[in-house]
Amino acid sequence: MSSSAAALDAQLSIEAKYDLITRDLQEVLGGDKIKDILRKGERPLRCYWGTAPTGRPHIGYFVPFTKLADFLKAGTEVKVLLADIHAFLDNMKAPITLVRHRVEYYRLIIRTVLKAIGVPVERLNFVVGSSYQLTEAYNMDQYRLCAMVTEHDAKRAGAEVVKQVSSPLLSSMLYPGLQALDEQYLDVDFQFGGVDQRKIFVYAEDILPKLGYAKRAHLMNSMVPGLKGSKMSASDAGSKVDFLDTPKDIAKKLNEAHCIEGQVEENGVLAFVKNVIFPIERLREENIAGGNADLLDASKGASKRLAADGAPPNTLFSINRPDKFGGGLHYSTYEAVEKDFVDRRLHPADLKQGVADAISTLLEPVRKEFESNADFQKIAELAYPSEKAAAPKKVVKPKNPRFAHMFTKEEGGTAETAEDAQAAKAAHEAAIAAGQEPPPPPKQAKAATSSTPKQPKAAPKNEPSRPLPSQIDLRVGKIVDIKPHPDADSLYLESVDFGEPDGPRTVLSGLVKYVPIEKMSGRLVVGVCNLKPAAMRGIKSHAMLLCATHKSGKDGGVEPVAPPEGSQPGDKLWVEGYEGREPDAQLNPKKKIFETIQPAYLTTESREAAWKGVGPDEDETAEPKVRLIKGEKGVCFAPAGFEGAGLS
Ligand SMILES: N[C@@H](Cc1ccc(O)cc1)C(=O)O
C-alpha cells in the first residue's frame, strides 16, 4: 500500500469505509459481516471479483472497475480472479487450447485499463483459477459438494450466468459450485460481481456452511445496459465497444446506439454516462483530493480529464458541442446531464458525440500501450486468432417452435377469412423458420444528418426494427364460463375475464383433447390479449391462452400456464427486463410480432415461464438469455411435467 493510500485509509471512519465499499451498488447481502470486520479492525477486509476469460472484454467492465477502486480506497485487499477453468466449463465459451492466452490477454487489458482510470493496480492481486482449483483439497471439496447438490439446484444457480442449452453439459452444472468454493479458497470476506451472479451467490451462501465453511457476504453492481440496451456481455461482439477500438470505431458504434430524444429509459448512452463516466471522473477527483495524483500521471498510462480545458470548476464531463448548436456543455453531476436531455436541451447527436469523445479519451492510453507493446499484440492474436475472419453467426436454437394450437388447421378448425388463414399459415411457418434462422439484424437508425433522402422500408423512429417481447400484451385472466365450441370438436368456447370494464372476452382454445373441461372452469390463465381477433368456425376469438407443450410434443400434453400466485384478472405480466413498456394496442399481423417472439417462449427446468431470446436492443449474435415471464406477484409457471417445454 502506498503511504498516501494507507494514510487515507486510516483517516476514514468505519461508516465512511462501509459507505465507500457499498456505494452505487444494487444489492448487498451480509453487510453486517463486513461492518463487524471493519469495526474489529484486526485485519483488512478481503474480497474478490472474478471474471471468466471468454470473449474480449469491453467497456462494460468499467463498471466493476470503479468499484475495485472503492474497495481499495477503503483499505480492502482485493483479488481479481481470472477464472480460466470456468471459461470452458461454461459450454466451452473459451476453448481449452485458447484459454491460457485469454487469461494473459485479460490480465494485460484489465491492468492497462485500470491504470488508465487511476486505480492503483499494484495493490491488486491477480489469481488464476487453475492455480488452486486443481489441488487435492479443492477437488475433494468439489466432490463433497457434488454429493450434496441436486442437478436441479445446480442448474438453477447457473441460470443467469451459464449459457442455457437444451442438453446441458455436466460442466455447466459444476460451474456454480466451483464459484462457491472459490470464496473459501481465495480466503475472502465477500465476493463482488454483477447482480446477474445473484443466484450463484445465494447458492454459495447455502452450500459453504454445509461444507463446514463460513458464509460470505455478496456485493452486487447493477447490470448496465449496453449501448444498444440490455446487459453488456463479453461473449457477444459487434456493437460492444472494445477496449482497443479506435476513435472512429467508437464514434460509429455510438452513432448506432439506442438513444431516443428526451427518453431516459432503455437509453444505453445515458446509462453509460451515469454508471461509467461520472464514477470514473469522481475517482479522478478523489485521487487528487486524497493525495494520489501520481495515479493520474499520463506518462504512467493514465487518461486525461473529461472536462474541457477552461470549463467551470467542478466540471467532470464536457460535451464539445459546436457553437452553431449552442456551444460547449459542462456538467458536474449526472443528474444535470439527464435533466438537459429530458428537457431536450441536449440532443442525442450531441450526447453521443460527447460520450464517444469521452470513451476515446479514456481509451487512448490503452490503445497506445497496445500499439507500443509487441507482446501485448502477440497475446491478443493468440487469444483471439480468427477474430478478423468473421466468426459464424450464432443461430437461435430451435425451441419447440409449435405455434398456437388454436390457429392451425388440424387443431383449430378452418380459419374463416383468407387473411386470417394466411396470417395463421405465415405465423406457423415463421415459428418453424425461427428454429433455422436468426431474426433479421436490427436496422440502424440513420444519423440525423444523413443525406439519404428516403428510406421507405426503414422502421419509423422510436420503433425497434425487431419486435420487442414487451409488444405482446400478456395479462392474467380468469375463465368464468366454458363450453365446447358448437361446431368444432377440438375447441373450447370460453369467457375469460381480463378485468376489463367491457366484461369478459370470448376466447377459443384448442384444448379439448388435452385438458378436461372441469379443470379449465374457474382457472386463472395467462392471455395473449392483443392478437388480431381470429374467427374459427363462425366464432371470433379475442385472446389466446399461453400454453405449455410437453417437451416430447403435443402427445405428451398441452396445459395452460398459470399466472403467479395471488394474481387478479387484469394483472399485467411481462418479460423480465422489458417491464414498464406499453404493449401494442393490437399486433399488426403483417409485422409478425408474435410469430417472432413466440418461438423463444419456453419453460425452464423448474417450469418457470420464460422468454429466451435476443432483444432488438441487443447484438443479434448475442447468446439468447433466459428472462422470466412475471408480474407484480411473481413468476408464471407451467404445471408439473412441463419442465423444458415450449410455450405458445
Ligand atoms: N461467473 C463469473 C465469473 C466467475 C467465475 C468464478 C468465480 O469464482 C467468480 C466469478 C462471470 O460470469 O463472469
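Residues numbered from 1 in each chain as written. Predicted model: local features only at pLDDT ≥ 70, side-chain atom pairs only at ≥ 80, totals over all residues. Heavy atoms only, no water.

(A) View of helix α12 (residues 247-255). Along α12, the residues that are buried comprise Ile250, Lys253 and Leu254. Buried residues of α12, seen end-on, are gathered within an arc of 100° and therefore sit on one face of the element. When the buried face of α12 is taken as reference, the exposed residues oriented beyond 90 degrees from it are Lys248 and Lys252. Those residues of α12 hidden inside the fold are in contact with α13 (268-289) and α15 (348-372). (Buried < 20%, exposed > 50% of the residue type's maximum accessible area, 1.4 Å probe, protein only. Helix = DSSP H or I, 4+ residues; strand = E, 2+ residues; numbered from the N terminus. Arc of directions from axis to C-beta. Contact = heavy atoms within 4.5 Å.)

(B) View of the packing of aromatic side chains. Summed over all chains, the structure comprises 16 aromatic pairs. Ring centres of Phe62 and Phe243 lie 5.4 Å apart, and the angle between their planes is 80°; on these two criteria the pair is classed as edge-to-face. With a gap of 181 residues between them, Phe62 in helix α4 (residues 62-73) and Phe243 in the loop between β6 (217-221) and α12 connect regions that are remote in the sequence. The exposure class assigned to Phe62 is buried, which follows from its relative accessible area of 1%. On the basis of an interplanar angle of 85° and a centroid distance of 5.1 Å, the ring pair of Phe71 and Phe192 is categorised as edge-to-face. (Phe/Tyr/Trp six-rings, centres within 6.5 Å; stacked < 30°, edge-to-face > 60°.)

(C) Inspection of the pattern of salt bridges at higher detail. Evaluation of the coordinates by the stated rule reveals 36 salt bridges. Its salt-bridge partner being Arg39, residue Asp36 comes within 3.3 Å of it at the nearest N-O pair. Taken together, the positions of Asp36 and Arg39, both in helix α3 (residues 31-40) and three residues apart, correspond to about one turn of that helix. With relative accessibility at 37%, the residue Asp36 sits in the partly exposed group. Between Glu364 and Lys304 there is a salt bridge, and its shortest N-O distance comes to 3.4 Å. Note that Glu364 is positioned in helix α15 and Lys304 in the loop between α13 and β7 (317-319), a separation of 60 residues in sequence. For Lys304, a relative accessible area of 49% puts it in the partly exposed group. A single salt-bridge network, built from bridges that share partners, covers Arg23, Lys67, Asp70, Lys73 and Glu286. (Salt bridge = Lys/Arg side-chain N within 4 Å of Asp/Glu carboxyl O.)

(D) Looking closely at the site of the ligand. Neighbouring the ligand are 13 residues; Tyr48, Tyr175, Gln179, Asp182 and Gln197 lie closest to it. Measuring from a nitrogen atom of the ligand, one finds a side-chain N or O atom of Gln179 at 2.9 Å. With respect to the ligand, the side chain of Gln197 contributes an N or O atom lying 2.8 Å from a nitrogen atom. Contact with the protein chains removes 88% of the 340 Å² of surface that the ligand exposes when unbound. Elements with a contribution of two residues or more to the shell around the ligand: β2 (46-51) and α10 (170-185). Residues that form the shell around the ligand fall into these classes: six nonpolar, six polar and one charged. (Near = heavy atom within 4 Å. Polar contact = N/O pair within 3.5 Å; in protein donor to acceptor, adjacent residues only side chain to side chain. Areas by Shrake-Rupley, 256 points an atom, 1.4 Å probe, with all protein chains shown as cover. Nonpolar A, V, L, I, M, F, W, Y, C, P; charged D, E, K, R; others polar.)

(E) Looking closely at the nonpolar core. Within the largest apolar cluster, 84 residues are counted, with the highest numbers of intra-cluster contacts made by Phe62 and Leu351. A per-element tally of this core places α13 first, with ten residues. Composition of this core by domain shows at least three residues from each of domain 1 (3-221) and domain 2 (247-383). Sequence-distant contacts of Leu351, defined by excluding residues within four places in its chain, comprise Cys259, Val269, Leu270, Val273, Ile319, Val337, Phe341 and Leu346. Grouped together as the second largest cluster of nonpolar side chains are 32 residues, Leu81, Leu178, Ile207 and Leu208 included. (Core = buried A, V, L, I, M, F, W, Y, C linked by side-chain atoms within 4.5 Å. Domains from an automatic or database assignment.)

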